[in-house]
Amino acid sequence: MKGMVSDLYHTKYVALDYSDLTKAEILEKIRSMVNNSFDESVTLFYYSGHGLYSADESKLGALYAIDGNYITFKQLATELSKIKGRVIVILDSCYSGASIKSVGGSAEDSLDTFNDAAIEAFSGYSLDSNPNGIKSGELKQSKFIVITASAYNHASYATGKPGYDGNGYQQSAFTAAIIKGMGRKYPIGAKINRYGNKEPADKNEDGKVTLWEIYSYANSTARSWTSKNGDPQRAKYYGPEGEVLFW
């Protein structure tokens, strides 16, 4: 993902990628992003890792850190709201089958609840960082655009599964689909390969890919790739359809 974003010609600043962070380290990295933001900036926060769904309302939707501690969506939204300008949030996370069983219901019902919890946590923040400034659903003023790509069972959708785009690159299905939708092949070392001059996600072929377009492409592609697992991956989107981040 970092390689793909870095390859976009309009990108001015790409932070270092981080892996295997504790909860405290994740929050510190987010807080460091505040100093690199301004009122007109657009910040992309991308997370790929473990997630948690539980009947306990305190952690209904949360991200798991490497130290076993979790960050609730509400806490994540509060920290990211301090960043100036628009914030794009892509959560490519999963949660364990044991968590689903503790709640009951079908995998799809649990997945919808998990994704809805993420969207609800982010939907009340306006562009002026006043969480009381707008109500949920007033997208034109919303500070956040959110894409959730949860999988109900991480064993089915974990990295390292062969077949994604035909080469088994170690990446989750949804992230692999985003990279493919932007016309990039998987990076080998520092090299970025392209499929051609077009981005498959650019449905109207105007040379720009809106977040809605990349979401739609990645969602349908990941669902196709994961249909063999019995419960195809189902993503969700919150935000206006015309917002452009990638071109």
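Here's a quick rundown of the structure.

Reading the values: the criteria
- Residues numbered from 1 in each chain as written.
- Predicted model: local features only at pLDDT ≥ 70, side-chain atom pairs only at ≥ 80, totals over all residues.
- Heavy atoms only, no water.
- Helix = DSSP H or I, 4+ residues; strand = E, 2+ residues; numbered from the N terminus.
- Buried < 20%, exposed > 50% of the residue type's maximum accessible area, 1.4 Å probe, protein only.
- Areas by Shrake-Rupley, 256 points an atom, 1.4 Å probe, with all protein chains shown as cover.
- Core = buried A, V, L, I, M, F, W, Y, C linked by side-chain atoms within 4.5 Å.
- Contact = heavy atoms within 4.5 Å.
- Phe/Tyr/Trp six-rings, centres within 6.5 Å; stacked < 30°, edge-to-face > 60°.
- Pairing = 2+ DSSP bridges.
- Salt bridge = Lys/Arg side-chain N within 4 Å of Asp/Glu carboxyl O.
- Axes fitted to C-alpha atoms, helices over the stretch in contact; angles between N-to-C directions.
- Parallel < 35°, antiparallel > 145°, perpendicular 65-115°, else oblique.
- Left-handed = near helix turned anticlockwise from the far one by under 90°.
- Nonpolar A, V, L, I, M, F, W, Y, C, P; charged D, E, K, R; others polar.
- Polar contact = N/O pair within 3.5 Å; in protein donor to acceptor, adjacent residues only side chain to side chain.

1. Focus: the overall build of the protein chain
Each helix and strand in the protein chain was counted, giving eight helices and eight strands. When each of the 247 residues of the protein chain is scored for burial, the buried share is 47%. If you sum the accessible surface of the protein chain, you get close to 12,100 Å²; carbon and sulfur atoms cover 48% of it.

2. Some points on the nonpolar core
As a rule of thumb, soluble globular proteins bury nonpolar side chains together. In terms of nonpolar packing, the biggest core is built from 29 residues, with Leu-76, Leu-80, Val-89, Leu-91 and Phe-122 touching the most fellow members. Of all the secondary structure elements, the ones that give two or more residues to this core are α2 (23-34), β1 (42-53), α3 (73-80), β4 (86-94), α5 (107-122) and β5 (144-148). With six residues, the single largest contributor to this core is α5. In this structure Leu-80 touches Ile-30, Phe-45, Val-87, Val-89, Phe-122, Lys-143 and Phe-144, once residues within four positions along its chain are discounted.

3. Observations regarding the packing of aromatic side chains
Across all of its chains, the model carries five aromatic pairs by this definition. Relative to Tyr-215, the ring of Trp-212 has its centre 5.2 Å away and its plane inclined at 45°; by these criteria the two rings are tilted. With Trp-212 and Tyr-215 both in helix α8 (residues 211-226), this residue pair falls three residues apart, about one helical turn. Classification of Trp-212 by relative accessible area gives partly exposed; the value is 31%. Under the relative-accessibility criterion, Tyr-215 is labelled buried at 10%. For the ring pair Trp-212 and Tyr-237, a centre distance of 5.1 Å and an interplane angle of 80° mean the geometry is edge-to-face.

4. Some points on the pairing of β5
Most of β5 is tucked away, with five of its five residues classed as buried. Every second residue of β5 is oriented toward a common face, with Phe-144, Val-146 and Thr-148 on one face and Ile-145 and Ile-147 on the other, all of them buried. With three bridges joining them, β5 and strand β7 (residues 236-238) adopt antiparallel strand pairing. Within β7, the residue paired with Ile-147 across the bridge is Tyr-237.

5. Some points on the pattern of salt bridges
Note that side chains of opposite charge can pair when their charged atoms are close. Enumeration according to the criterion identifies four salt bridges in this entry. Here Glu-79 and Arg-31 are joined by a salt bridge, their closest N and O atoms 3.0 Å apart. Here Arg-31 lies in helix α2 and Glu-79 lies in helix α3, a separation of 48 residues in the sequence. Between Glu-243 and Arg-86 there is a salt bridge, and its shortest N-O distance comes to 3.3 Å. Of this pair, Glu-243 sits in the loop between β7 and β8 (244-246) while Arg-86 is found in strand β4, placing the two residues 157 residues apart along the sequence. Each member of the pair, Glu-243 together with Arg-86, is buried.

6. Things to note about the packing of α2 against α3
Their axes nearest at 9 Å, the elements α2 and α3 cross at an angle of 30°. Judged by the inter-axis angle, α2 sits roughly parallel to α3. α2 and α3 meet at a crossing whose hand is right-handed. The segment α2 lies against α3, with Lys-23, Leu-27, Ile-30 and Arg-31 engaging Gln-75, Leu-76, Glu-79 and Leu-80. By residue class, the composition of the contact of α2 with α3 is four nonpolar, one polar and three charged.

7. Let's talk about the side chain of Thr-210
Locating Thr-210 in the fold gives a position in strand β6 (residues 209-210). Among the polar contacts made by the side chain of Thr-210, one reaches the main-chain carbonyl oxygen of Glu-241 at a distance of 3.4 Å. Leave out the neighbours within four places in its chain, and Thr-210 touches Glu-241, Gly-242, Glu-243 and Val-244.

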